[in-house]
Amino acid sequence: MTDPVRLLIVDDHPVVRDGLRGMFTGDPGFEVVGEAADGAEALAMAARHRPDVVLMDLRMPGMDGVTAIGRLVRSDSSAKVLVLTTYDTDADVLPAIEAGATGYLLKDAPRDELVRAVRAAARGESVLSPAVAGRLMGRLRAPAEEPLSHRELEVLTLVARGSTNREAAAQLFISEATVKTHLLHVYAKLGVNDRAAAVAVAYDRGLLTPGGR
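The structure reproduced in this document is the subject of the present report. Owing to the predicted nature of the structure, the values given are computational and were not obtained by experimental measurement. (Residues numbered from 1 in each chain as written. Predicted model: local features only at pLDDT ≥ 70, side-chain atom pairs only at ≥ 80, totals over all residues. Heavy atoms only, no water.)

Let us look at the overall build of the chain. Within the chain, the secondary structure is distributed over ten helices and six strands. The principal-axis extents of the C-alpha atoms in the chain amount to approximately 80 × 30 × 30 Å. Looking at the chain residue by residue over its 213 residues, the buried ones come to 40%. Within the chain, residue pairs in contact and separated by at least 24 positions form 61% of the contacts whose partners lie at least 6 positions apart. When the accessible surface of the chain is split by element, carbon and sulfur atoms take 53% of a total near 11400 Å². The distance from the centre of the 25 positive side-chain charges to the centre of the 29 negative ones in the chain is 5 Å. (Helix = DSSP H or I, 4+ residues; strand = E, 2+ residues; numbered from the N terminus. Buried < 20%, exposed > 50% of the residue type's maximum accessible area, 1.4 Å probe, protein only. Contact = heavy atoms within 4.5 Å. Areas by Shrake-Rupley, 256 points an atom, 1.4 Å probe, with all protein chains shown as cover. Lys, Arg positive; Asp, Glu negative; His and termini not counted. Charge placed at Lys NZ, Arg CZ, Asp CG, Glu CD.)

This is how it looks when you write it as structure tokens:
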């Protein structure tokens, strides 16, 4: 008979911890060795109890889950981290995976799926909810962003300052038709359809900065 999977539950909501503890305590294949309400407590509990798997929430007061994952991975702990959270945005998923999480599940996962995921994580296997897997695959399949040329940036900078095509052409000593061509290239590279959207995306990506470029 194999040893039970030693599990540490980390979540800032006592009701969630109670539910998870009840779920796994009733299964002889698991042993809940501890609970923690934030990342700092999770690190201390992991060092004390040496769990096989840490079931980690992400958004918690004090030390968040991503920070705790990174520190746990850099420590001498052999525990695998399985994220269990409500959030599946890029801002949550990617940092957690990059920090070293073995898997990522959402809290609406069925009980059987969660149990299988914890067992898989204990074996070192990656486990992702379908929504998260689809998001990661979409990121991998997305075409690489093509950089803007120096001239395209010059044109976009003038447009961001309110210049018309004619005014931009005069300042850059090129034809108005050439300005329009550069803008079409900018739209294509940024995935937008108009001047306002191009400027907004450029600021968002750091291609333009207030008061300069």
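Now for the pairing of strand β4 (residues 80–85). The element β4 is extensively covered by neighbouring structure, given that five of its six residues are classed as buried. Two strands pair when backbone bridges link them, and strand β3 (residues 53–56) and β4 are joined in this way by four bridges, in the parallel orientation. Within the sheet, the bridge partner assigned to Met56 lies in β4 and is Val83. What joins β3 to β4 is helix α3 (residues 65–74), and the crossover it makes is right-handed. Inspection of the sheet shows β4 paired to strand β5 (residues 103–106) by four bridges, in the parallel sense. By the bridge assignment for β5, Val83 is matched with Tyr104. (Pairing = 2+ DSSP bridges. Right-handed = clockwise from strand over helix to strand, strands pointing away.)

The residue Arg59 is located in the loop between β3 and α3 in this model. Taking relative accessible area as the criterion, Arg59 reaches 44% and is therefore assigned partly exposed. The contact partners of Arg59, leaving out residues within four places of it in the chain, are Asp12, Tyr87, Thr89 and Asp92. Looking at Arg59, its side chain comes within polar contact range of the side chain of Asp92, at 2.8 Å. (Polar contact = N/O pair within 3.5 Å; in protein donor to acceptor, adjacent residues only side chain to side chain.)

Time to look at the environment of Ala197. Of note, Ala197 is situated in helix α10 (residues 195–204). Through-space distance from the C-alpha of Ala197 to that of Ala117 is 42 Å; in sequence the pair is 80 residues apart.

Once that is clear, we can look at the side chain of Glu152. Its place among the elements puts Glu152 in helix α7 (residues 150–160). Given a relative accessible area of 5%, Glu152 falls into the buried group. Aside from chain neighbours lying at most four places away, what touches Glu152 is Pro147, His182, His185, Val186 and Lys189.

In a pair of packed helices, the angle between the axes and the distance between the axes together describe the arrangement. Interaxial distance between α7 and helix α8 (residues 165–172) falls to 10 Å at its minimum, and their mutual angle equals 130°. Here α7 is positioned oblique relative to α8, judged by the angle of their axes. Along this stretch, α7 crosses α8, giving a crossing that reads as right-handed. Across the interface between the two elements, Arg151, Glu154, Val155 and Leu158 of α7 pack against Ala168, Gln171 and Leu172 of α8. Class assignment of the residues belonging to the contact of α7 with α8 gives a composition of four nonpolar, one polar and two charged. (Axes fitted to C-alpha atoms, helices over the stretch in contact; angles between N-to-C directions. Parallel < 35°, antiparallel > 145°, perpendicular 65-115°, else oblique. Left-handed = near helix turned anticlockwise from the far one by under 90°. Nonpolar A, V, L, I, M, F, W, Y, C, P; charged D, E, K, R; others polar.)

Strand order in this open sheet of six strands is β2-β1-β3-β4-β5-β6, and the pairing throughout is parallel. Here the strands that pair on one side only, and so sit at the sheet edges, are β2 (30–36) and β6 (127–128). Against the sheet, α3 contacts β3 and β4, and its axis sits at roughly 165° relative to β3.

With that settled, consider the packing of aromatic side chains. For the structure on display, the rule yields one aromatic pair. Ring plane angle 75° and centroid distance 4.9 Å describe the contact between Phe24 and Phe30, whose orientation is recorded as edge-to-face. Geometry around Tyr87 places Arg59 over its ring, the cationic atom sitting 3.6 Å from the centre. (Phe/Tyr/Trp six-rings, centres within 6.5 Å; stacked < 30°, edge-to-face > 60°. Lys NZ or Arg CZ within 6 Å of the ring centre and 35° of its normal.)

Let us now look at the pattern of salt bridges. Per the stated rule, a full pass over the model turns up 14 salt bridges. Glu176 is the partner of Arg166 in a salt bridge, and the nearest nitrogen-oxygen pair spans 3.7 Å. Of this pair, Arg166 sits in helix α8 while Glu176 sits in helix α9 (residues 176–190), and the two are ten residues apart along the sequence. Overlapping salt bridges, with partners in common, bring together Arg17, Asp18, Arg21 and Glu35 in one network. (Salt bridge = Lys/Arg side-chain N within 4 Å of Asp/Glu carboxyl O.)

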